[in-house]
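Spelled out, the chains give:
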Amino acid sequence: MDKREQIARRIGRELRDGYYVNLGIGIPTLVANFIPPGIEVVLQSENGMLGVGPFPLEGEEDADLINAGKETVTELPGTSYFSSADSFAMIRGGHVDLTVLGAMEVDERGNLASWMIPGKVVKGMGGSMDLVAGANRVIIAMEHATREGKPKILKHCTLPLTGAGVVDTIVTEMAVIEVAPDGLLLMEIAADTNVEAVLQAIGAPLRLSSNLRMMET
């Protein structure tokens, strides 16, 4: 299992029966393939779909069924379709229990930077600003460091913010970290790493939970 799937599988364990969930572009979309058996979760896509199913098998794609990231998806029994205006009314109305988003940076106060890098072409902010403001819980799914090996979890975000104080949980291939009122709290570490490696790969103070355990996938 690659690290992207490892992150998505771990986040799948955070889903609860009856949840309405929005999955962002990138790693978050993979969570649709790791919904635990025995529970019903309704996935919402901001382009106007409620009841998003797993990714289709090769050769079974329907070009008319896409998520907000323009990836082909499947539909489940009872799936409904509606306008983007209705979709964002659901989000802004607080009807989404959980959103899973990617990030460029997250800091110790739960600030999130995910939509632009100054000086680079940006298509738009997408729905992330609405999602972090409207969802009841925000989980960040991202690789622990940049391609250059620099920390993405910082004491202070350096990029323009998507939302201030909005992140509840961060899941990477190395760890599960909670954003607490007094800073970041290490809850779980992956089996192939150790506490020292996690501490070295983060750019902010990190406290260890008294119940620190191995990451469950």
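Use the structure listed above.
Please read all numbers here as calculations on a predicted model, not as lab measurements.

1. Side note on the overall build of the chain
So, step 1. Summing up its helical and strand segments, the chain has 4 helices and 13 strands in all.
So, step 2. Relative to a compact globule of 217 residues, whose C-alpha radius of gyration would be 17 Å, the chain shows 17 Å and is just as compact.
So, step 3. Taken over the C-alpha atoms alone, the chain extends approximately 45 × 40 × 30 Å along its principal axes.
So, step 4. Here the analysis covers contacts within the chain between residues at least 6 apart in sequence; of these, 61% occur between residues at least 24 apart.
So, step 5. Here the chain has roughly 10,900 Å² of accessible surface; of this, 51% comes from carbon and sulfur atoms.
So, step 6. Taking the average place of the 18 positive charges on the side chains of the chain and the average place of its 29 negative ones, the gap between the two points comes to 7 Å.

2. Topic: the environment of Y20
So, step 1. Here Y20 is to be found in strand 1 (residues 20-23).
So, step 2. Residues Y20 and L206 lie 186 residues apart in sequence; the distance between their C-alpha atoms is 31 Å.

3. Quick word on the nonpolar core
So, step 1. Counting residues in each nonpolar core, the largest one holds 30 residues, and the members touching the most others are V106, L112, I140, V167, I170, I177 and L184.
So, step 2. The residues touching I177, leaving out its near neighbours within four places in the chain, are H144, I153, D168, T169, I170, L184, L185, L186, I202 and L206.
So, step 3. With 27 residues, the next largest nonpolar core counts V31, L43, V100 and A141 among its residues.

4. Quick word on the pattern of salt bridges
So, step 1. A full pass over the atoms with the stated rule returns 10 salt bridges.
So, step 2. Linking E108 and K155 is a salt bridge whose minimum nitrogen-to-oxygen distance equals 2.9 Å. Within this pair, whereas E108 is found in the loop between strand 6 (105-107) and strand 7 (112-113), its partner K155 is found in the loop between strand 9 (153-154) and strand 10 (169-171), the two being separated by 47 residues in sequence.
So, step 3. Judged by relative accessible area, K155 falls into the partly exposed class, the value being 37%.
So, step 4. Through salt bridges that share partners, R10, R13, E14, R137, E188, R213 and E216 make up one connected network.

5. Comments concerning the side chain of N22
So, step 1. Following the sequence through the fold, N22 ends up in strand 1.
So, step 2. A distance of 2.7 Å separates polar atoms of two side chains, one belonging to N22 and the other to Q44.
So, step 3. Residues in contact with N22, not counting those within four places in the same chain, are Q44, S45, E46, I91, V96, L98, T99, V100 and L131.

6. Let's talk about the sheet that holds strand 9
So, step 1. Spatial ordering of the open sheet is given by 7-6-9, a layout of 3 strands whose pairing is mixed. The sheet is open, and its two edges are formed by strand 7 and strand 9, each paired on a single side.
So, step 2. In this structure, strand 6 lies alongside strand 9, joined through 2 bridges in parallel fashion. When the bridges of strand 9 are listed, V106 appears paired with I153.

7. Examining the pairing of strand 5 (residues 98-101)
So, step 1. Both faces of strand 5 are covered, namely the face carrying L98 and V100 and the face carrying T99 and L101.
So, step 2. Note: strand 1 against strand 5, 3 bridges, orientation parallel. Its bridge partner lying in strand 5, V21 is registered against L98.
So, step 3. For strand 5 and strand 8 (residues 138-141), the ladder comprises 3 bridges, and the chain directions are parallel. Bridging from a neighbouring strand, V100 pairs with I139 of strand 8.

8. Describing the sheet that holds strand 2 (residues 42-45)
So, step 1. Pairing within the open sheet is mixed, and its 10 strands lie in the order 4-3-2-1-5-8-10-11-12-13. At either end of the open sheet lies a strand with only one pairing partner, and these are strand 4 (75-81) and strand 13 (206-214). Each adjacent strand pair in this sheet contributes to an overall mean axis angle of 25 degrees, direction not counted.
So, step 2. Across 6 bridges, the pairing between strand 11 (residues 175-180) and strand 12 (residues 183-189) is antiparallel. Bridged to A180 within strand 12 is G183.

Scoring rules and cut-offs
- Residues numbered from 1 in each chain as written.
- Predicted model: local features only at pLDDT ≥ 70, side-chain atom pairs only at ≥ 80, totals over all residues.
- Heavy atoms only, no water.
- Helix = DSSP H or I, 4+ residues; strand = E, 2+ residues; numbered from the N terminus.
- Rg over C-alpha atoms; globule rule 2.2 N^0.38 Å.
- Contact = heavy atoms within 4.5 Å.
- Areas by Shrake-Rupley, 256 points an atom, 1.4 Å probe, with all protein chains shown as cover.
- Lys, Arg positive; Asp, Glu negative; His and termini not counted.
- Charge placed at Lys NZ, Arg CZ, Asp CG, Glu CD.
- Core = buried A, V, L, I, M, F, W, Y, C linked by side-chain atoms within 4.5 Å.
- Buried < 20%, exposed > 50% of the residue type's maximum accessible area, 1.4 Å probe, protein only.
- Salt bridge = Lys/Arg side-chain N within 4 Å of Asp/Glu carboxyl O.
- Polar contact = N/O pair within 3.5 Å; in protein donor to acceptor, adjacent residues only side chain to side chain.
- Pairing = 2+ DSSP bridges.
- Axes fitted to C-alpha atoms, helices over the stretch in contact; angles between N-to-C directions.

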